[in-house]
Amino acid sequence: MSTALHTAGVRPDAESYRELFLSGVPLLDVRAPVEFARGAFPTAVNLPLMDDREREQVGLRYKEQGQQAAIALGTRLVSGAIKQQRVEAWAAFARAHPEGYLYCFRGGLRSQITQQWLREEAGIAYPRVIGGYKAMRTYLAEVIRVSALTPGHLVLGGLTGSGKTEVLHAVDNGVDLEGHANHRGSGFGKRVTPQPSQIDFEHRLAIDLLRKQAQGWNTVVLEDESRLIGANALPLELQQTIRNAPLVWLEAGLDERIERILDDYVVGLRAEFAAAHGDAGDALFAQRLQDSLTAISRKLGGERYARLMSLMRGALSRQLDHGECDGHRAWIRALLEEYYDPMYARHMAEKSARMVFRGDRPAVTEYLCERARQSLGQ
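Per-chain numbering applies: the sequence of each chain, read as written, is numbered from 1 onward. In keeping with the predicted nature of the model, local features appear solely for residues at pLDDT of at least 70, side-chain atom pairs appear and are counted solely at 80 or more, and the whole-chain, interface and lining totals rest on all residues. Excluded from the side-chain calculation are hydrogens and water; included are all heavy atoms of the structure.

### Some thoughts on the pairing of strand E9 (residues 247–250)
Okay, so step 1: Type-normalised accessible area, obtained with a 1.4 Å probe on protein chains alone, sets the label of each residue: buried when under 20%, exposed when over 50%, and partly exposed for intermediate values. Helical segments are the DSSP runs of H or I of at least four residues, strand segments are the runs of E of at least two, and each set is numbered from the N terminus. Alternating residues of E9 divide into Leu 247 and Trp 249 and Val 248 and Leu 250, and every residue in both groups is buried.
Okay, so step 2: The pairing of strand E4 (residues 154–158) with E9 spans 4 bridges and is parallel. Its bridge partner being in E9, Gly 158 is matched across the sheet by Leu 250. Two strands make a pair as long as DSSP finds a minimum of two bridges between them.

What follows is the structure in structure tokens.
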């Protein structure tokens, strides 16, 4: 199939990674699916030049016989109907996203072949990202490193259930690390949908920081997180920032925290499972809650674990059978008073010297907003 080339408004290949990520343009990723699964970018769609099996064969040929032999094999493997299907998929993406760009791993042969076939077979001149995925990822890693080393960040702490995420969302320069990790950050923090890969988590975080910088926020507010948020690890420089930056402490009463945890971890989680799994959602929700308690059973100790599990199962039975959630407050209260709060108290002594402000939600929100205005020179 040969089509006249559309040359009007042809855009050059991109090499400003900052503009790519700030604009959020659609990206056509032509790497193999296995590469895409390890890490990609939020606006990327994977339409590979070669599938995993083909990539493996071409890679072996390259090692054994060199580049030309590898190219010849790839041309044979991706030909005929297979080639036509892939070109048609790329062309559909390009027509749907005329503002987008394509890329491969290093911005080299695979993306150039994709460009060539789009021109020859579909008459579409579509720009690629110079340097490809590797250069874009390196750029985003540097965004995190430089941002973490910038002085002036604040860390927001507070007991479990105090509403730190809500405060972060109310502050223009707040960065929701747990949101990027798709995890609430505690032993009960796993969501219905899976966490991103480690690389994807870092990409989401870096793009958020980059956009904050573009809005004038060189200093941000971060939640007082440990090294891990579920399975996602914070970059080392960011861990160091959280350990050393001035601390703002959010205070909330026990009853308020219990209600927030009940709403988020019980009522909200059940609704998430129902939306994702329909009639099977309740059983999956109940199992998730019990699995979360079991995951910290060794830290709780045998007697306490058995007591809290009994309270939880009774509460789940009443909730699922009669729609009553009151029973959950008992195990939530016990878990806070006997486990989470003492754990926080053990670490407070080492953090107290860094504390610059403490107060309830309105006071902390106003303090953080005022500090943000000061950082902009307002």
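Moving on, there is more to tell.
### Considering helix H6 (residues 109–122)
Okay, so step 1: The span you would expect from a helix comes to 1.5 Å times its residue count less one. Taking 1.5 Å of rise per residue, the 14 residues of H6 would be expected to cover 20 Å, and the 19 Å separating its terminal C-alpha atoms lies within 8% of that figure.
Okay, so step 2: Buried within H6 are the following residues: Arg 110, Ser 111, Ile 113, Thr 114, Gln 115, Trp 117, Leu 118, Glu 121 and Ala 122.
Okay, so step 3: Summarising the contacts, the buried residues of H6 are in contact with helix H2 (33–38), helix H3 (52–65), helix H5 (80–96) and strand E3 (101–103).
Okay, so step 4: Following H6 by one or two positions, Gly 123 has its phi on the positive side, about 70°. In this description, contact between two residues means that some pair of their heavy atoms is separated by no more than 4.5 Å.

### A look at the UniProt feature "domain: Rhodanese" (unreviewed entry) in the protein
Okay, so step 1: The positions UniProt marks with the feature "domain: Rhodanese" (unreviewed entry) are residues 21–145.
Okay, so step 2: Secondary structure content for residues 21–145 is 63% helix and 7% strand, and the end C-alpha separation is 17 Å. UniProt positions are given in the numbering used here, feature names are shortened, and annotations may be inferred rather than shown by experiment.

### Examining the UniProt feature "active site" (unreviewed entry) in the protein
Okay, so step 1: Per the UniProt record, the feature "active site" (unreviewed entry) sits at Cys 104.
Okay, so step 2: Locating Cys 104 in the fold gives a position in the loop between E3 and H6.
Okay, so step 3: What makes Cys 104 buried here is its relative accessible area of 2%.

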